[in-house]
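# Descriptive analysis of the structure
Given next are the chains, with one letter for each unit.
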Amino acid sequence: MNLDTPFDLLMECGGCGLENLISAFSPGAPAICNQCRENMMAYDIAVTHQGHTCDSCERALLLKNETDFVNGESECQCGGQSFTEFDIRVFTDRVSKAEKEALVDADDDPNFDWCRPAPDHVAKEDYNEIFDDDPGFS
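To keep things clear, this report deals only with the structure shown in the data block. These numbers come from a predicted model, not from an experiment.

### Details of the overall build of the protein chain
For the protein chain, the count of helices and strands is three helices and five strands. Seen in sequence order, the protein chain has helices and strands lined up from the N terminus as β-β-α-β-β-β-α-α. Expressed as a percentage of the 138 residues in the protein chain, the buried residues total 29%. Within the protein chain, contacts between residues at least 6 apart in sequence are counted, and of these 46% link residues at least 24 apart. If you sum the accessible surface of the protein chain, you get close to 9,600 Å²; carbon and sulfur atoms cover 48% of it.

### As for the state of the cysteines
Under the criterion given, the structure shown has zero disulfides. Free cysteine Cys16: the closest other cysteine sulfur is in Cys33, separated by 3.5 Å. Among the cysteines around Cys78, which has no disulfide bond, Cys54 carries the closest sulfur, lying 3.7 Å off.

### Observations regarding the packing of aromatic side chains
Under the counting rule described, the total for this entry stands at five aromatic pairs. Judged by centre distance (6.5 Å) and plane angle (65°), the rings of Phe7 and Phe91 are edge-to-face. Of this pair, Phe7 sits in strand E1 (residues 7–12) while Phe91 sits in helix H2 (residues 88–108), placing them 84 residues apart in sequence. Assigned by exposure class, Phe7 and Phe91 land together as buried. Each residue in the set Phe7, Phe25, Phe86 and Phe91 is aromatic and connected to the rest through ring pairs, giving one cluster.

### Quick notes on the environment of Ala60
Inspection of the secondary structure assignment puts Ala60 in strand E4 (residues 60–64). Considered as a pair, Ala60 and Leu10 are 50 residues apart in the sequence and their alpha carbons are 6.2 Å apart.

### Remarks on the sheet that holds strand E2 (residues 19–25)
Strand order in the open sheet made by the five strands is E2-E1-E4-E3-E5, with mixed pairing throughout. Whereas interior strands pair on both sides, the edge strands pair on one side only; in this sheet they are E2 and strand E5 (83–85). Neighbour-to-neighbour, the strand axes of this sheet turn through a mean angle of 25°, independent of strand direction. Bridging between strand E3 (residues 49–54) and E5 involves three bridges; their strand directions are antiparallel. Directly across from Thr53, in E5, lies its bridge partner Thr84.

Cut-off values and rules
Residues numbered from 1 in each chain as written. Predicted model: local features only at pLDDT ≥ 70, side-chain atom pairs only at ≥ 80, totals over all residues. Heavy atoms only, no water. Helix = DSSP H or I, 4+ residues; strand = E, 2+ residues; numbered from the N terminus. Buried < 20%, exposed > 50% of the residue type's maximum accessible area, 1.4 Å probe, protein only. Contact = heavy atoms within 4.5 Å. Areas by Shrake-Rupley, 256 points an atom, 1.4 Å probe, with all protein chains shown as cover. Disulfide = S-S within 2.5 Å. Phe/Tyr/Trp six-rings, centres within 6.5 Å; stacked < 30°, edge-to-face > 60°. Pairing = 2+ DSSP bridges. Axes fitted to C-alpha atoms, helices over the stretch in contact; angles between N-to-C directions.

As structure tokens, then:
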């Protein structure tokens, strides 16, 4: 698995246990659970999860340690049954490094302004007119 190019990630949430499929994941990208809305990378996944890559589709699987997984018997969503185990500590180190870099980059941007006005090309109309217009439902 190459951490420098986006890849599909199937991850079991450390909180609720729901399987989440994240397309085009790359370290530093958010990984938010679809059910409980927790940041799945906030857990100590190096301790709680196991990592595998499907040899057929190259999808990364981060499964909880208690999930039964047998190489050659377990099946990926693509139908493949051959997997390569990867070092989850390298994965978590790369993810945490990317998150720290993203925070530093956001803080160092001299053009960032929380109170930035709307762009000039936006139509200037009365805000209330948006809600006062008749939507045409009868």
